[in-house]
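Residue-level structural notes
Next come the chains, spelled out residue by residue.
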Amino acid sequence: MVTGISIVLLFTISCLLVFLEKYMGKYKLPVYASIGIALILIAGLREVGIDPDSDNYEYTYHNYSSTRFLGGVEYSFLLISSILNHFSNDVHLLFIFYAFWGVSLKFIAFRQLSNLWFLPVVVYLSFYYELHEMTQIRTGILSGIFLLSIKSLADGKKIQFCLMIILGAFFHISALLLLPLAFLDNQELSLKKRIFWCSLIPAGYMAYMMGATVLLQFDIPYIGLKLANYQAAEDKGIGTISINVFSPKTLFTTFLFFYLMYFHDTIKECNRFFPILLKIYAIGLFSFTSLGFLPVLAERVSFLFETVTIITFTCAYYTLRPKWAGMLLVIMIAFVYLNYALPYVSFHLLWKGG
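Being a predicted model, the structure only gives us computed values, none of them experimental.

**Some details on the packing of helix 5 (residues 92–113) against helix 6 (residues 119–126)**
Two numbers describe how helix 5 lies on helix 6: the axes approach to 10 Å, and their chain directions differ by 140 degrees. On the basis of the axis angle, helix 5 is oblique to helix 6. Viewed along their axes, helix 5 and helix 6 form a crossing whose handedness is right-handed. Every residue of helix 6 that contacts helix 5 at Val-103, Lys-106, Phe-107 and Phe-110 is listed here: Pro-120, Val-121 and Tyr-124. Counted by class, the contact of helix 5 with helix 6 contains 6 nonpolar, no polar and 1 charged residues.

Set out below in structure tokens:
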């Protein structure tokens, strides 16, 4: 309960700061940093059990030397656990470590990818903070590195981008799925290219309806084991059983993609990274529906790619005038996602009777 109230309070404060930003002058940076520190402390000191994964993290942290974890979790997690255990066996030390890097890397990336200070924070607090810093903490560091790598990718520094993604794989192996993005460029989208990227959305639904199961036919080292673990979790009833590709949230996310695509020419003049962010956004939407036959994988992969929506949703600000209307639009979008994120974080604790 306290964690949820703290997040809502910071969300509300950040929304107010959006309208005060132009008056803050030299105080923007210290206020911005203060919010980041608060987010690190909230995630780092949260109660074990308030999210679906923290119980497992605590058990692994205390039993990092057990061979049962080999192949099931990144070696980096075990290595970090072994180091931190020398200082304390309290799992909150681990939470603080991951929260510090997850939040810090994203806050640095926000300043690279947007000229707005607090709107990205509002969007971040609405969903991805709860998902990555409060739940999927290993992916939290990866997604921060991923956002930082966007600038290198947009500038054509492919090798630098790949090296950063490989670094991200040290924290979560799913980073390897991002390497093919090196083939993308940041060129503005012509009409033909817009049609192509928009066509990925119906293509994903077609793949879902056809029941595509090709991936399961291949025994990919390590990845195959992860898929088998996910499938086993579903079979035992402790994992996601199904996903609804026509849910209000999915349809709303898809609608926002087409809305932002419509304003491509307007937005790219205000944010030079917008074309490549929009392409990655499209890949994320395609991943969710096309991999719907394996729900856990669909969610993990699509959420990773769609980390860029923290910035793309912020770009909706440029589609309305006066400026306050654009600010309200982004805040309304963020509020929709906040309603999905907070119950997800608190449900596990309520289910346990906490």
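**What to know about the nonpolar core**
In terms of nonpolar packing, the biggest core is built from 116 residues, with Tyr-129 and Leu-181 touching the most fellow members. Not counting residues within four places of it along the chain, the set of residues in contact with Tyr-129 comprises Ile-7, Leu-39, Ile-42, Ala-43, Val-103, Tyr-124 and Met-134.

**Focus: a nonpolar patch on the surface**
On the surface, a nonpolar cluster with roughly 650 Å² of combined accessible area is contributed by Tyr-75, Leu-79, Ile-83, Phe-87, Leu-167 and Phe-170. Of all the secondary-structure elements, those providing two or more residues to the nonpolar patch are helix 4 (75–84) and helix 9 (158–171). Per-element accounting of the nonpolar patch gives the leading share, 3 residues, to helix 4. Secondary-structure assignment places Tyr-75 in helix 4.

**Structural notes on the pattern of salt bridges**
One pass over the structure, following the stated rule, counts 8 salt bridges. The network of salt bridges with common partners includes Lys-151, Asp-155 and Arg-272.

Basis of the calculations
Counting from 1, residues in each chain are numbered in the order their sequence is written. Per-residue local features of the predicted model are confined to residues with pLDDT of at least 70, and side-chain atom pairs are confined, for both listing and counting, to 80 or more; whole-chain, interface and lining totals are unaffected and use all residues. In computing side-chain properties, one takes all heavy atoms of the structure into account and sets aside hydrogens as well as water. The angle between two axes is taken between their N-to-C directions and runs from 0 to 180 degrees, where each axis is a line fitted to C-alpha atoms and a helix contributes only its stretch in contact. Strands here are runs of E lasting at least two residues and helices are runs of H or I lasting at least four, both read from the DSSP assignment and numbered beginning at the N terminus. Roughly parallel means an angle under 35 degrees; roughly antiparallel means over 145; roughly perpendicular covers 65 to 115; every other angle is labelled oblique. The handedness criterion is simple: a crossing whose near helix is rotated anticlockwise from the far helix by less than a right angle is left-handed, and one whose near helix is rotated clockwise is right-handed. Only heavy atoms matter for contacts: two residues are in contact if any of them lie within 4.5 Å across the pair. Amino acids are sorted into nonpolar (Ala, Val, Leu, Ile, Met, Phe, Trp, Tyr, Cys and Pro), charged (Asp, Glu, Lys and Arg) and polar (every other residue, Gly among them). In this text, buried Ala, Val, Leu, Ile, Met, Phe, Trp, Tyr and Cys residues form a nonpolar core when linked through side-chain atoms within 4.5 Å. Summary of the burial criterion: residues with accessible area below 20% of their type's maximum are buried, those above 50% are exposed, and those between are partly exposed, where the area comes from a 1.4 Å probe applied to protein chains only. Exposure above 30% relative accessible area and the absence of a salt bridge qualify a residue for a patch, where like charges join within 9 Å and nonpolar side chains (Val, Leu, Ile, Met, Phe, Trp, Tyr) within 5 Å. Where accessible areas are quoted, they stem from the Shrake-Rupley method and a 1.4 Å probe; at the residue level, only the protein chains shown are allowed to cover. Salt bridges, as used here, are contacts in which a Lys or Arg side-chain nitrogen is within 4 Å of a carboxyl oxygen on Asp or Glu.

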